[in-house]
Every structure is written in C-alpha cells, then in structure tokens.
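One letter stands for each residue in the lines below.
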Amino acid sequence: MRRTRPWEDPREGVNAMSAQDAPRDGEPFPLSTLRHSVSHLMASAVQKLYPGVKFGFGPAIEHGFYYDLDLPEPLEEKDLRAIEKEMERVAKRSPQMVCETVTRDEARRRLEAKNQTYKLEALELIPQGEAITVYRHGDWEDLCEGPHVDRLDRKFHFKLLNIAGAYWRGDEKRPMLQRIYGTAFWSKDELDQHLKWLEEVKLRDHRKLGTELDLFSTHGDAGAGFVFWHPHLGAVRRAIEEFMYQEQVRRGYEFVYTPHVLREDLFKTSGHLENYGEMMYEGFGIETTRYRVKPMNCPGHVMIYATRAHSYRDLPLRMAELGTVYRFERSGVLHGMMRVRGFTQDDSHIFCTPDQLETEIAGVVELVDTVLRTFGYTYTAYLATRPEKAIGSPEIWERATKALRGAAELRQLPLELDEGGGAFYGPKIDFKIKDSLGREWQMSTVQCDFNLPERFDIHFTDSDGQQKRPIMVHRAILGSMERFIGGLIEHFAGKFPLWCAPKQVALIPIREEHTAYCKKLEHELRQDLYRVDCMDAPGHMNNKIKEAQHFQIPFMLIAGEREAAEGTVAVRRRGTREQQVMPFSEFKALLDRLRKTRSLELV
RNA sequence: GCUGCUGUAGCUCAGUGGUAGAGCACUUCCUUGGUAAGGAAGAGGCCAUGGGUUCAAUCCCCAUCAGCAGCUCCA
C-alpha cells in the first residue's frame, strides 16, 4: 500500500491534480501553472542568496511544487524564511516572465556558461526536433517547457514547507540533491486551509495517536520495524479479525495455519529466492538443512493443496490464513506500523479452474466492497495488465485479463487501466482507497497466478479425465493488519466505531458507594463480550470523565444515587457533552444494535 | 541504504564544558465530589550506547543504535 503524500510526485498525483486545476475565478492560469512558476521564483531567490547553486528539476506536484538544488551547504528550516523573503523581493522587482525559443546549441551555450551541469543533462533528455524553450524573469532563466504565468506580481500566496534529500533523476546511483518543497494558492484562504489540513494530518498521525491512546509501540532494543500491539490495539485487531473471519467463512473460505519457517529449497521451487531473495532474511541451518523465514504464505498453501489429488469437483478451494511474514526493508523506509519488517497478511489463495476464474474474482470483488464499506472507505479499482517481462502464454494472459474484466462487469465495478502494471506471473486488480482526509492508499488486491501452479506442478482432474493446471488467485483485502490498522487509526483519528473500539464503555460511579451498581453493570456487559471499564479507583468523577474522553471511549455511563435506585444510566456519547438518562436495558439494546450492524455512528 | 535533522523522567519538552529542570502521568495522604484538571507531599533520569578531545563531557568530535522529513523501494 502506498501513501499519497501532500507533496506527492506528479506521476502519482495526476488525477487528484486535475480536479483543482481548471482556471477559475477570472484567473487565466491553472493552479499547477502558478505553482510551477512559484518554483521558478523560488529557484531565482535561491540563486540570489547562494550564487553557486546548480539546479535540477522543479515541477508542480499534487499539493504544491518543489525544486531540486545542488548546494555546497545543507539548508536549514530557518533558511526557508529567508528564501521566502527574497522571493517576495524578486517578484516585486522583476515580475515579467518571458518565454524564449532557442536552438539546442544556444541553450547548451548558455547552460555551459553558467556551469548548470544537471540542466545540460536535462537538455540532452529533450528529444531531437522538439522546441527548446527558456523562461526568464529578471536576470534569472531556466531551461523549461512551461507553461508559466505571465507576471509574478499577480495576487497569490505561497509557503515553503520542508527540505529533504532527493536523488538526481530519482536514481539512487546518482548524486543526491537538496529538495525544497513548497505550496502556492491564489488566495490566502486556500493556503491557510491547506496548512490547516497539514496540521490535521500531523494530529492524526498513527504514531502520535499510538502513544497517546496506548495502542502500540516499537522498540529500538527489540529491533527496528517490529510492532508491539498493546491491549487497546489488540482489541481492535481481534474485532477486525473476527469480522474478517466471519465474512470469509460465509463466502466459503477455509482457514489454515502454516509454519513460519520452511526449507530453503521450497523457496527455490517457488521462485521466491530468485525473484524475491533481496527481501528475504538470511537462511540458517537446522541439523544439515537450510531454512528460511517465510516472506509470503503462498508456498505453504500450495503444500496443503498438493497433499492429495484434486478433482474439478473440489474446486474452487479457498484457503485463508492470517499469515505472518517477515521481509527485509531498508532502515530508511520503516515507518510506524505502516512499513515494518514483520507483519500479518489477511492472505488467501483460491485454487480454481480457468472456467471458475471469473466467478471467483467476482466473489473477491464483492468481499472487498463489503469490507471497505464497513470502514467507510470509498475506493477506485485498477486493472493491471501484462508487463514487458512476463511468464505464461499470451492466450492465458488474455483469458485471465478477460476474466478480471468480466468479474468487474458482473459486479458493476468501473476499472481504471494500469497498462503493463501486472505482476510477472499474472494480471491483477488493485484497489486504492480514499481515507477521511482525502488521501489515497493502495490496499486490496486480487491477482491471477499462472506461475506457482507451474513451478509446483500441481493439477486437478478435469471432467474429461485430463490432468490440468489450476489457476491460483492471490488476494488480500486488508493487505496487512499492521498497515491497515495503522491507516485506520488515522482514518478515524483514534475514534473507532463501537464494534472495534479498544474500550467500548466506561462506567463512572459518582461516589464510592455507587461502585457496586457500576460493577454489576460492568459484569453484565462483560458477560456479553463488551470491552468495558469500571473506573472505580479512588478519585474525582471529573477526572475520570476526562480520562475516558482522552481515550475516545464511545460511551460513558455515569451512575449515582438516582441511577442506582431506578436501574438507569446517564449516557454520554463520545464527542458530546450532553448526557441522556435511560434505563440500562435501553442502553444495552442500543449497544447491541450498533455492534451488530457495525455502525460507523454512535446513534 | 542515501541526504539532512534529532535522541534529557512514562509522555511533551526546557537547559548547561563543572554529574539536571517544568507540565502532564505515577505513588501516598487529605478531599465524598452530579458531568473536561480539588489540595498537599513524594518518588522517578548512567542526559540512547561505545570510543575520543579536555583537569573536567549530558553539552565538543567520531562511530553505532534508534527516531523524524524526504529520496529510492514496498503489504
């Protein structure tokens, strides 16, 4: 799953960008043009302040722009403020932007004169015969295809946001430049709104909430990239696992468990060692044999399939496992729960005949829809077709791709095309969800695989008595528990719906003598498997209310003399300050309904 | 892994070349309170780890580990 960042690369962000990109409000230029021009403005200001600077690329991106720079000294946060000031000055002093078409030789001559080595390389990237343009304002000019705004003294607002390293041309073998990210809008209001959004993103960060709500931890002492689930998040995970278990059993899945450590030879057979070896941890010996920790669950499931002969009547076989896998990730990419070295996939492999492929995929598409909607996610599906390097005959690719399309049609699922984006072993549909902050994530996936059945030489006996090759469908709905639930923390901002909330009910006695009543209710709810806390430690009621609120507990039940006498509870819903007195039985009925329907609301 | 930054109490963070502080949390006592912080006292730190520089290092330098913003790569 990939996260689309506020300053996401334009290749990823094209769709999101186009929506806000139409010129409006009498502005003759689209927002992306403004941002591209502001990146030029920034570059020229940097040039003024750091005369030796060399320039890389400086495009507009989804939420702003960046420019890559080669500077002898590392920039600091405070330097950005100085650059912003200089930008204001330059915009005032030399607002006119001019485009000039030049010959290739002329462009080269000018860049050489300024020793702009990266730009010279960029010049070589422009195909022969294409127009070469230079954009200039004041005494600063840039090799650039444009377009740009006409004047820099138009009314707009910008802010430089952060500094980071970035490889020249995105290639880790090339030098690393310094990248300054910024953003720009036509109105102050929109800029402020965007900055507020960035703040909100920060507040919801699952790592921050993870500490505040006592959800999970990672430990340098225990090793980077390994998640410790605390009781609170354990409850969330448990609820979601049960939900997934039920939904899958309903759809004919059967649950299996496979070992975490397997013979190295098995990964030779599966091809993982060859194709995925860099992601796998070193092997180790047990007696005279080499073993590996599994990076994927597929070989284990194939082992189970291969234990006996299968008839076409057995198929499809839908094998599911919450399979924990371990993969090597470079230290710099680790990120809270989102990018880790050990994680549990809600994995499944469907062994089916080519004829069953379409129906099976349609079933997965339906399951994806059910699950994602339960969490309030909307999503987009992408059909990823045959890449350059692929195994399997064109006919079978054709057939599988057709099955994917057919399944989507059956479920009335619109497909975006991701040409050549398939795995080498088969085509797939990926689902990108949109969270409550409007960010896109790659999550569910359903993939056809012709490779593993071939490698493990598994078959089934068809109705004509012939031995045939089954197709394996790999599918994950949540992806991994770590990444999914990490995303969920941010999606809900720690305010989980009742059914999967860490603690569902807090019971608060007004005075110590009301504890017995609260304890009784606690017991009753707990017998019905509710996660409930009677806050009976000595201390003030107000403090307990504050604590329950801090932990985003959906319901507080406050009980004193009146309630104990009448068998009622004073209910306070998360997010409100009002209380509502009702019979306990009525409250219990509300709970039951919210849990049963997995309601996203508390009413 | 790479570039830059960071690592001080459970959490959030001040601070200093002469062995440390705040708020919240925690403990104890007082307070029995009807809906977002009652009062008082107390405990808690080998200042990430290992080297160096220095009479002296939490502070300066180097390395390691971990984290943060990105890049590259991914569930």
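What counts and how
- Residues numbered from 1 in each chain as written.
- Chains lettered and ligands numbered in written order.
- Predicted model: local features only at pLDDT ≥ 70, side-chain atom pairs only at ≥ 80, totals over all residues.
- Heavy atoms only, no water.
- Helix = DSSP H or I, 4+ residues; strand = E, 2+ residues; numbered from the N terminus.
- Buried < 20%, exposed > 50% of the residue type's maximum accessible area, 1.4 Å probe, protein only.
- Areas by Shrake-Rupley, 256 points an atom, 1.4 Å probe, with all protein chains shown as cover.
- Lys, Arg positive; Asp, Glu negative; His and termini not counted.
- Charge placed at Lys NZ, Arg CZ, Asp CG, Glu CD.
- Pairing = 2+ DSSP bridges.
- Axes fitted to C-alpha atoms, helices over the stretch in contact; angles between N-to-C directions.
- Parallel < 35°, antiparallel > 145°, perpendicular 65-115°, else oblique.
- Left-handed = near helix turned anticlockwise from the far one by under 90°.
- Contact = heavy atoms within 4.5 Å.
- Nonpolar A, V, L, I, M, F, W, Y, C, P; charged D, E, K, R; others polar.
- 1 Å grid on protein atoms, 1.4 Å probe; cavity = no way out; pocket = protein on both sides within 12 Å on 5 of 7 lines; lining within 4 Å.
- Points joined across faces, edges and corners; volume = space filled by probe spheres on them.
- Expected span 1.5 Å × (residues − 1).
- Arc of directions from axis to C-beta.
- Domains from an automatic or database assignment.
- Buried area = accessible area lost by both parts, 1.4 Å probe.
- Salt bridge = Lys/Arg side-chain N within 4 Å of Asp/Glu carboxyl O.
- Polar contact = N/O pair within 3.5 Å; in protein donor to acceptor, adjacent residues only side chain to side chain.

**Student:** Quick question: what am I supposed to make of the overall build of chain A here?
**Tutor:** In terms of helices and strands, chain A carries 19 helices and 28 strands. For chain A, the spread of C-alpha atoms along the principal axes amounts to about 85 × 75 × 50 Å. Burial analysis of chain A (603 residues in total) assigns 53% to the buried set. With an accessible surface of roughly 29000 Å², chain A has 50% of that area assigned to carbon and sulfur atoms. With 86 positive and 92 negative side-chain charges, chain A shows a separation of 2 Å between the mean positions of the two kinds.

**Student:** Help me understand the pairing of strand S27 (residues 568–573) in this model?
**Tutor:** Summarising burial for S27: six of the six residues are buried, a large majority. Side chains Thr568, Ala570 and Arg572 project from S27 onto one buried face, and the interleaved Val569, Val571 and Arg573 project onto a second face that is buried too. Note that S27 and strand S28 (residues 579–583) share five bridges and pair antiparallel. When the sheet's bridge partners are listed, Thr568 is paired in S28 with Pro583. Between S27 and S28, which pair antiparallel in sequence order, lie five residues; one of them, Gly575, sits at a positive phi of approximately 90 degrees.

**Student:** Help me understand the packing of helix H16 (residues 515–527) against helix H19 (residues 584–596), please; the structure alone is not making it clear to me.
**Tutor:** Helix-helix packing is described using two parameters, namely the angle between the two axes and the distance between the axes. Axis separation between H16 and H19 bottoms out at 12 Å; the angle between their running directions is 30 degrees. Between H16 and H19, the crossing angle belongs to the class labelled roughly parallel. Crossing of H16 against H19: the hand is right-handed. Touching Leu521, Glu524 and Leu525 of H16 are Phe584, Lys588 and Leu591, all from H19. Residue classes in the contact of H16 with H19 are distributed as four nonpolar, no polar and two charged.

**Student:** Would you mind going over unusual backbone geometry with me for this structure?
**Tutor:** With the exception of glycine, the majority of residues adopt a negative phi angle, and the majority of peptide bonds are in the trans configuration. Here the residue pair Gly146 and Pro147 is connected by a cis peptide bond, since its omega of 0 degrees sits within 30 degrees of zero. Following the sequence through the fold, Pro147 ends up in the loop between strand S6 (140–143) and strand S7 (157–167). Here Leu315 and Pro316 are connected by a cis peptide whose omega angle stands at 0 degrees. Relative to the elements of secondary structure, Pro316 occurs in the loop between helix H11 (298–305) and strand S15 (317–326).

**Student:** Explain empty space enclosed by the protein here, please?
**Tutor:** The gaps of empty space that remain are located by a probe, the size of a water molecule, rolled over the atoms. Applying the stated criterion across every chain, the model contains four cavities of 30 Å³ or more. Here the largest cavity is characterised by a volume of approximately 70 Å³. Along the walls of the largest cavity sit Leu213, Leu215, His232, Gly494, Pro502, Lys503, Phe551, Gln552 and Ile553, which together make up its complete lining. Taken together, the residues of the lining of the largest cavity sort by class into five nonpolar, three polar and one charged. Considering only enclosed or pocket space, the second largest cavity measures out at about 50 Å³ in volume. Lining the second largest cavity, in full, are Ala107, Arg110, Leu111, Lys114, Val134, Glu141, Asp142 and Leu143.

**Student:** Would you take a moment to explain the side chain of Asp435 for this structure?
**Tutor:** Relative to the helices and strands, Asp435 is located in the loop between strand S19 (428–434) and strand S20 (440–449). Of the residues examined, Asp435 reaches a relative accessible area of 6% and is grouped as buried. Not counting the four nearest positions on each side in its chain, Asp435 is found in contact with Tyr377, Trp441 and His491.

**Student:** Explain H16 to me, please; I cannot follow it from the model alone.
**Tutor:** For an α-helix, 3.6 residues make a turn, and residues three or four places apart therefore share a direction. Across its 13 residues, H16 extends 18 Å between first and last C-alpha, which sits within 8% of the 18 Å expected from 1.5 Å per residue. Those residues of H16 that fall on the buried side of the exposure criterion are Thr515, Tyr517, Cys518, Leu521, Glu522 and Leu525. Seen end-on, H16 carries its buried residues on one side only, within an arc spanning 160 degrees. The outward face of H16, more than 90 degrees from its buried face, is lined by the exposed residues Ala516, His523 and Gln527. Lining the buried residues of H16 we find strand S24 (505–509), strand S25 (532–534), strand S26 (555–559), helix H18 (561–566), S27 and H19. Backbone geometry just downstream of H16 places Leu529 in the positive-phi region, at approximately 65 degrees.

**Student:** Sorry, what's going on with the domain arrangement of chain A here?
**Tutor:** The parts lose accessible area when they come together, and the size of an interface is often stated as this lost area. Taken domain by domain, chain A holds domain 1 (10–204), domain 2 (221–258 + 297–491) and domain 3 (498–596). The distance between the C-alpha centroids of domain 1 and domain 2 comes to 40 Å. The interface is formed by seven residues belonging to domain 1 together with eight residues belonging to domain 2. Around 620 Å² of area is buried between domain 1 and domain 2 when both sides are counted, 41% of it from carbon and sulfur atoms. Where domain 1 meets domain 2, there are one salt bridge. The salt bridge partner of Glu172 is Arg330, with a shortest N-O separation of 3.0 Å. Remark: the boundary between domain 1 and domain 2 carries five residue pairs in polar contact (both at pLDDT 80 or more). Among the secondary structure elements, those contributing two or more residues to the side of domain 1 that touches domain 2 are helix H1 (10–19) and helix H6 (188–204). With four residues, the single largest contributor to the side of domain 1 that touches domain 2 is H6. Classifying every residue of the side of domain 1 that touches domain 2 by side-chain character gives two nonpolar, one polar and four charged.

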